[in-house]
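If you want the building blocks of each chain, they are given just below.
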Amino acid sequence: MAAPSSLIALKKPIFLSFSPHNIFNTKPKTLILTTQLKTCSLVYSSSCTSINSSTTQPLVLNNKQEEKEEAEAEVEEVSLGSIWREVQGCNNWEGLLDPMNNHLRSEIIRYGEFAQACYDSFDFDPHSKYCGSCKYHPSDLFSNLDLNLHKGYTITRYLYATSNINLPNFFQRSKLSSIWSQHANWMGYIAVATDEEEVARLGRRDIVIAWRGTVTYLEWIYDLKDILCSANFGDDPSVKIELGFHDLYTKKEDSCKFSSFSAREQVLSEVKRLVEYYGQAGHEISITVTGHSLGAALALVSAYDIAELNLNHIPENNTKVPVTVFSFSGPRVGNLRFKERCEELDVKVLRVINVHDKVPSVPGIFANEKFQFQKYIEEATSFPWSYAHVGTELALDHKKSPFLKPTKDLGCAHNLEALLHLVDGYHGEEEGEEKKFCLVTKRDIALVNKSCDFLKSDYHVPPCWRQDENKGMVKTGDGRWVLPDRPRLEPHRPEDITHHLQKVLGTSNGEPKLLH
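Residues numbered from 1 in each chain as written. Predicted model: local features only at pLDDT ≥ 70, side-chain atom pairs only at ≥ 80, totals over all residues. Heavy atoms only, no water.

Looking at an unreviewed UniProt entry, the protein chain carries the name Fungal lipase-type domain-containing protein, with the source organism given as Brassica oleracea var. oleracea. As its UniProt record puts it under Subcellular location (unreviewed entry), the protein chain is described as follows: "Plastid, Chloroplast". Regarding the protein chain, the UniProt comment filed under Sequence similarities (unreviewed entry) reads as follows: "Belongs to the AB hydrolase superfamily. Lipase family." (UniProt positions renumbered as here; feature names shortened; annotations may be inferred.)

**Student:** Explain helix α9 (residues 294-308) to me, using residue names and the numbers behind them.
**Tutor:** Here α9 spans 21 Å end to end across 15 residues, near enough to the 21 Å set by a 1.5 Å rise per residue. Counting buried residues in α9 gives 15 out of 15 residues, a clear majority hidden from the surface. At the C-terminal side of α9, N310 shows a positive phi close to 65 degrees. (Helix = DSSP H or I, 4+ residues; strand = E, 2+ residues; numbered from the N terminus. Expected span 1.5 Å × (residues − 1). Buried < 20%, exposed > 50% of the residue type's maximum accessible area, 1.4 Å probe, protein only.)

**Student:** Now, about a negative patch on the surface: what can you tell me, with residues and values included?
**Tutor:** Among the surface-exposed residues, D98, E429, E430, E431 and E433 lie close enough to one another that they form a single negatively charged patch. Mapping D98 onto the fold places it in the loop between α2 (84-87) and α3 (102-120). (Patch = residues over 30% accessible without salt bridge, like charges linked within 9 Å, V, L, I, M, F, W, Y side chains within 5 Å. Areas by Shrake-Rupley, 256 points an atom, 1.4 Å probe, with all protein chains shown as cover. Salt bridge = Lys/Arg side-chain N within 4 Å of Asp/Glu carboxyl O. Lys, Arg positive; Asp, Glu negative; His and termini not counted. Charge placed at Lys NZ, Arg CZ, Asp CG, Glu CD.)

**Student:** Got a sec to walk through the sheet that holds strand β6 (residues 153-162)? Specific residues and values, please.
**Tutor:** Ordered in space as β6-β7-β8-β11-β14-β15-β16, the seven strands form an open sheet in which the pairing is mixed. Every other strand in the sheet has two partners, leaving β6 and β16 (392-396) as the edge strands with one partner each. When the angles between neighbouring strand axes are averaged without regard to direction, this sheet yields 15 degrees. Note that β6 and strand β7 (residues 184-193) share nine bridges and pair antiparallel. The residue bridging I155 from the neighbouring strand is A191, located in β7. Most of the contacts of α9 go to strand β11 (residues 285-292), to which it runs at about 150 degrees, and overall it touches β7, β8 (205-211), β11, β14 (323-328) and β15 (348-354). (Pairing = 2+ DSSP bridges. Axes fitted to C-alpha atoms, helices over the stretch in contact; angles between N-to-C directions. Contact = heavy atoms within 4.5 Å.)

**Student:** A description of the confidence of the model for the protein chain should follow, citing residues and the corresponding values.
**Tutor:** For the protein chain, per-residue confidence averages 82 on the pLDDT scale, and 78% of positions sit at 70 or higher. Scored below 50 in pLDDT, residues 1-62 makes 117 contacts in the model with residues more than four places away or belonging to other chains. Residue range residues 507-514 is modelled with pLDDT below 50. Its contacts to residues more than four positions away, or to other chains, number eleven contacts. (pLDDT = per-residue confidence, 0-100.)

**Student:** So what about unusual backbone geometry? Which residues, and what values?
**Tutor:** Cis geometry marks the peptide bond from D98 to P99, where omega comes out at 0 degrees. Of note, P99 is situated in the loop between α2 and α3. Note that the residue after V362, namely P363, is joined by a cis bond; omega there is -15 degrees. With respect to the secondary-structure elements, P363 resides in the loop between β15 and α11 (374-381). With a phi angle near 55 degrees, N318 is a residue other than glycine that sits in the positive phi range. Mapping N318 onto the fold places it in the loop between β12 (313-314) and β13 (319-320). Exposure remark for N318: the relative accessible area of 61% places this residue in the exposed category. Although it is not a glycine, K471 sits at a positive phi angle of roughly 50 degrees.

This is the structure:
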């Protein structure tokens, strides 16, 4: 169909016939590739906004829009390595969110995939003796999940937490008697960029801390008591965080070799080791913490802790390593003083949320950052249920995506893969309205339905489709089906953690000071 005379097509378009997924039976969609967009090579045509349309029209722009696109294309030719500090939030992402900078878009999705890897590799099966652990060895986690973007990273430590705390709906336990651990749950990992090509692309040596959240929707929220307690990570007792998050981060179980050190001790010792090692070698370093849902809460707590203890300081050249949190669908974590202290420490936080998700609205329903007199009630009345979000918010609306169906399922609104899909199609706002949803990267829309039922039926993607083949069972040479043993999980090396904790916290009678 010819475009109206008042409109002109993008310069040098290349038309391709493309099916969003090889299992779809829908008609091919028309895409336009433009040679001007170096880092944003793929956009859906207007047919992506009308799935049932019987005709496909190329995306066309008027003169003003075309000039704007050309200007944005020139900006996008700048390499990520040359603007990485801005992408990590040194200016609180000013000018990068509206319109969405494509380097930032790719980085948000990439760090979201680091968090998603925690879900995809976690054993939720209560009938497995490995329930509550990671399915894969650290050396091959990314390759088993086919995460090509992360092949430049090496996992240096798995993180565990004791399940003996008051968050019963968060932890997964096996129904079997003989299991890998009676007290621990796998919580995530720490990784560092080791591939030199990836380091050059990023512009620095990136240390990533990824925290696991929970696939079950609001059950863990019901466990929260909304009780604030002093963090006790610094000298100010007025800095407070929610008690359940604090316990999950700081509690340990001496009888368990996986959680004999708290998650906090595991994180601080490893960050100290990595910053010391690469800092002494003169590398530029970043610390990026990411997580979804409850994992987003732990990401913020650990980022604050790292900055409060000054672990991001490199004494050799007296520089500060930037600490950034990419938070996905996270709840409020602490009080207003906690928010203020994070800002004083220059912890940068980008909170990505779905406006229809309920988790970011809790705790602190009655007293939060939107309440005019919050500071007064905290300081004058010591109100115990006052919470405040930290950082910059990127609020997305799943109703803007033409790929997603209307649903009242709160789990869909909270789903991480769906949120990354929304990031892919978001372009900012114009005159108070969100711009037309148009996918930018080649991220497969079928990923949305990995653990939920959110895609429109037109795309013929089954709900909750991701599962282990034969639930991990394999056929032996004599024709029997068995569940093979997994590679032995290595517990923490006490001498390694203790050594670096002594450097972080000082010593008392030759032992690290107690972490509260």
